[in-house]
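# Observations on the model geometry
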Amino acid sequence: MTEFLSAATTFPAVVLGAALVVVVCFWLLVLAGAAGPDSFDTDLDTEAVGFGGVPVSVSVSLVVVLSWFACLTGSVLVLRSGATGTARALLHLAVLAGALLIAWGVVRMLVHRFRRFFPAEPPPSLQDFVGQVCTVRTGSVSADFGQAEVAAADGSTAIVQVRQPPRPSAPGGVLTSGSTGLLYAYDADGGFFWVSPYDAALAPRPLPRRAV
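Residues numbered from 1 in each chain as written. Predicted model: local features only at pLDDT ≥ 70, side-chain atom pairs only at ≥ 80, totals over all residues. Heavy atoms only, no water.

### Remarks on the packing of helix 2 (residues 13-32) against helix 3 (residues 56-81)
Pairs of packed helices are described in terms of their axes, by the angle between the two and the distance that separates them. Where helix 2 meets helix 3, the closest approach of the two axes is 9 Å, and the angle between their N-to-C directions is 145°. In terms of crossing hand, the pair formed by helix 2 and helix 3 is left-handed. Of helix 3, the residues touching helix 2 (which contributes Ala13, Leu16, Gly17, Ala19, Leu20, Val23, Phe26 and Trp27) are Ser57, Val58, Ser61, Val64, Val65, Ser67, Trp68, Cys71, Leu72 and Ser75. For the contact of helix 2 with helix 3, the residue count by class is 13 nonpolar, five polar and no charged. (Axes fitted to C-alpha atoms, helices over the stretch in contact; angles between N-to-C directions. Helix = DSSP H or I, 4+ residues; strand = E, 2+ residues; numbered from the N terminus. Left-handed = near helix turned anticlockwise from the far one by under 90°. Contact = heavy atoms within 4.5 Å. Nonpolar A, V, L, I, M, F, W, Y, C, P; charged D, E, K, R; others polar.)

### Quick look at the sheet that holds strand 3 (residues 157-163)
Spatial strand order, 1-2-3-5-4: five strands in a closed barrel with mixed pairing. Ignoring which end each strand starts from, the neighbouring axes of this sheet average 55° apart. When strand 1 (residues 133-136) meets strand 2 (residues 147-151), the two strands line up antiparallel, connected through three bridges. In the strand pairing of strand 2, Val136 is matched with Ala148. (Pairing = 2+ DSSP bridges.)

### Let's talk about helix 3
Owing to its 3.6 residues per turn, the α-helix aligns residues three or four sequence positions apart on the same side. Between the first and last C-alpha of helix 3 there are 37 Å, a value that for 26 residues agrees with the 38 Å anticipated at 1.5 Å per step. Just beyond helix 3, the residue with positive phi is Gly82, at close to 80°. (Expected span 1.5 Å × (residues − 1).)

### A few points about the nonpolar core
Core analysis: the biggest nonpolar cluster contains 14 residues, and Leu16, Trp68 and Cys71 have the highest contact counts within it. Secondary structure elements with two or more residues in this core: helix 2, helix 3 and helix 4 (85-114). Looking at this core element by element, the count peaks at six residues for helix 3. Those residues in contact with Trp68 that sit more than four places away from it in its chain are Ala13, Leu16, Gly17 and Leu20. In terms of nonpolar packing, the next biggest core, distinct from the first, is built from 13 residues, Cys134, Val136, Val150 and Ala152 among them. (Core = buried A, V, L, I, M, F, W, Y, C linked by side-chain atoms within 4.5 Å. Buried < 20%, exposed > 50% of the residue type's maximum accessible area, 1.4 Å probe, protein only.)

### So, the environment of Gly74
Examined against the element boundaries, Gly74 turns out to sit in helix 3. Of the residues examined, Gly74 reaches a relative accessible area of 13% and is grouped as buried.

### Looking at the environment of Val133
Mapping Val133 onto the fold places it in strand 1. Of the residues examined, Val133 reaches a relative accessible area of 8% and is grouped as buried. Between the C-alpha atoms of Val133 and Tyr198, which are 65 residues apart in sequence, the distance is 7.7 Å.

### Quick word on a nonpolar patch on the surface
The grouping of Phe11, Val14, Val15, Leu90 and Leu93 at the surface amounts to a nonpolar patch, some 430 Å² of accessible area in total. Elements with a minimum of two residues in the nonpolar patch: helix 2 and helix 4. Tracing the chain through its elements places Leu93 in helix 4. Classification of Leu93 as partly exposed rests on a relative accessible area of 46%. (Patch = residues over 30% accessible without salt bridge, like charges linked within 9 Å, V, L, I, M, F, W, Y side chains within 5 Å. Areas by Shrake-Rupley, 256 points an atom, 1.4 Å probe, with all protein chains shown as cover. Salt bridge = Lys/Arg side-chain N within 4 Å of Asp/Glu carboxyl O.)

### A word on the pattern of salt bridges
Enumeration according to the criterion identifies one salt bridge in this entry. Note that Arg137 is salt-bridged to Glu149, the shortest N-O span being 2.6 Å. Placement of Arg137 in the loop between strand 1 and strand 2 and of Glu149 in strand 2 is noted, with a sequence separation of twelve residues between them.

### Brief notes about the packing of aromatic side chains
For the structure shown, the criterion picks out five aromatic pairs. A centroid spacing of 6.3 Å and a plane angle of 70° characterise the contact between Phe129 and Phe193, whose relative ring orientation is edge-to-face. Taken together, the positions of Phe129 in the loop between helix 4 and strand 1 and Phe193 in strand 5 (residues 192-197) put the pair 64 residues apart, joining distant regions of the chain. The exposure class assigned to Phe129 is buried, which follows from its relative accessible area of 12%. Overall, the relative accessible area of 1% leaves Phe193 in the buried class. Pairing Phe192 with Trp194 gives two aromatic rings, centres 5.2 Å apart and planes at 85°, and the pair type is edge-to-face. Using a relative accessible area of 11% as the deciding quantity, one classes Phe192 as buried. Among the aromatic residues, those joined into a ring-pair cluster are Phe129, Tyr186 and Phe193. Directly above the aromatic system of Phe192 lies the positively charged group of Arg163, at a separation of 5.1 Å from the ring centroid. (Phe/Tyr/Trp six-rings, centres within 6.5 Å; stacked < 30°, edge-to-face > 60°. Lys NZ or Arg CZ within 6 Å of the ring centre and 35° of its normal.)

Right, here's the structure in full:
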């Protein structure tokens, strides 16, 4: 026990021990609801080191924990070797580098195996189309029937069901094929969008091209 305590409080394990304290405090904040597991995903890019596909906090935490354990074990072996002076210092540096390399390899393997459980983006939702401009693709739109083409944020297009309230509650006239409309609400029960006439000149993005 004395050897482990001595190794944990001296270089190089003490350096990773400080990082381990930060990791523990962060996850305590996550448990308390004061932080989120994906808090650093927009600040760091871990794809270059093979950690892409999982939250940054998860991969970094694993690296810190594994490297600390490896470094602690290596430091104990260095103390038992009886090396002193420059030789001990060089061995400690080698232990630190080796611990980080081992942790990197293990975490990279784990990330490759389990990254499918951490989707990079939330699944698309029809609610994302609310507020978007669309182009009517049916002969007309009524309170019972209608379809329109709308462009998603990634540039792809989709055909959605649309409905237009009967006049006079929907000023601007009845929407017909090729008309521009604004999806202003989604009816989850009916599975359609409420649409109203919209001036194409005010569209925030290019409209889908009309099918030939």
